[in-house]
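Observations on the model geometry
Each chain, written out:
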Amino acid sequence: MAASQAMIEADAAVCQAALKFSKLYYDAFDRRRNVVNKMYTDSASLVWNGEAVVGRDNIATFLDNLPDSEHSLKSLDSQTVNDQVMNGQKTMLLLSAGTVMYSGRQRSFSQTIILVNEGEVWKIASDRFRFID
């Protein structure tokens, strides 16, 4: 019984962290994109609609070249990931879906992010973004 209660509490904590992170991330992406790169680890990877980018600085350059955006989330889910997956780091999987407006065109999207905890701060280790329409 104690183990299941601990899992429930851990799940609730991850859900709260995911909600907080997603609000910060999408707000920064839409309004202060120049700070989004600080949310990625140094060795992070991004696949954006089939375009692969590796490294925080390269991701920053790639994202800066995207048009202005406005995201609206329709779905958000998260779960803990076994710490052994990321060499003992506390890890979370974040799944989001919604719509985004780029250059006056609204598109549906899904995004899968793996977050690792670095010094009590969640950072993106892996990011996969796809238009789904």
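Residues numbered from 1 in each chain as written. Predicted model: local features only at pLDDT ≥ 70, side-chain atom pairs only at ≥ 80, totals over all residues. Heavy atoms only, no water.

Remarks on the packing of aromatic side chains
Here is the rule: Two rings belonging to Phe, Tyr or Trp (six-membered ring only in the last case) form a pair when the distance between their centres is within 6.5 Å. Interplanar angles under 30 degrees mark stacking, angles over 60 mark edge-to-face geometry, and anything in between is tilted. Elements are defined by DSSP. Helices are runs of H or I of four residues or more, strands are runs of E of two residues or more, and each kind is numbered from the N terminus. Buried residues are those whose accessible area, probed at 1.4 Å on protein chains only, stays under 20% of the maximum for their type, while exposed residues exceed 50% and partly exposed ones sit between those limits. Counted as over-ring charges are cases with an Arg CZ or a Lys NZ within 6 Å of the ring centre that also lie within 35 degrees of the ring normal.
This structure, assessed with the given rule, holds 11 aromatic pairs. Look at Trp48 and Phe62: their rings are 5.9 Å apart centre to centre, the planes differ by 65°, and that puts the pair in the edge-to-face class. Taken together, the positions of Trp48 in strand 1 (residues 40-48) and Phe62 in helix 2 (residues 56-64) put the pair 14 residues apart, joining distant regions of the chain. Taking the relative accessible area as the measure of exposure, Trp48 reaches 11% and is therefore buried. The class of Phe62 is buried, set by a relative accessible area of 15%. Between the aromatic rings of Phe129 and Phe131, the centroid separation amounts to 5.5 Å while the plane-to-plane angle is 80°, which identifies the pairing as edge-to-face. Taken together, Phe21, Tyr25, Tyr26, Phe29, Trp48, Phe62, Tyr102, Phe109, Phe129 and Phe131 form an aromatic cluster joined through their ring pairs. The positively charged end of Arg107 is found above the aromatic ring belonging to Phe131, 4.0 Å away from the centroid.

Description of the nonpolar core
Quick reminder of the rule: In these notes, a set of buried Ala, Val, Leu, Ile, Met, Phe, Trp, Tyr and Cys residues joined through side-chain atoms within 4.5 Å is what counts as a nonpolar core.
One finds Phe21, Tyr25, Tyr40, Leu63 and Leu115 to be the most contacted residues of the largest nonpolar core, which totals 29 residues. Only helix 1 (2-31), strand 1, helix 2, strand 4 (91-102), strand 5 (105-118) and strand 6 (121-131) provide two or more residues apiece to this core. If one sorts the elements of this core by residue count, helix 1 sits on top with 8 residues.

Thoughts on the pairing of strand 4
Consecutive residues of a regular strand have side chains that alternate between opposite faces of the sheet. Which entries qualify depends on this criterion: Any two strands are treated as partners once DSSP identifies two or more bridges connecting them.
Among the 12 residues that make up strand 4, 9 are buried, leaving the element largely enclosed by the rest of the structure. Sheet analysis places strand 3 (residues 69-81) next to strand 4, joined by 12 bridges and oriented antiparallel. The residue of strand 4 that forms the bridge with Leu73 is Gly98. Two strands pair when backbone bridges link them, and strand 4 and strand 5 are joined in this way by 12 bridges, in the antiparallel orientation.

Here we look at the sheet that holds strand 6
The line we're drawing: The angle between two axes is taken between their N-to-C directions and runs from 0 to 180 degrees, where each axis is a line fitted to C-alpha atoms and a helix contributes only its stretch in contact. The contact criterion used is simple: two residues touch if any of their non-hydrogen atoms lie within 4.5 Å.
Spatially, 6 strands are ordered 2-1-6-5-4-3 in an open sheet, and the strand pairing comes out mixed. The open sheet has two free edges, formed respectively by strand 2 (51-54) and strand 3, since each of these has just one partner strand. Shown here is a sheet whose adjacent strand axes are inclined to one another by a mean of 15°, direction ignored. Lying on the sheet, helix 2 is in contact with strand 1, strand 2 and strand 6; it crosses strand 1 at an angle near 45°.

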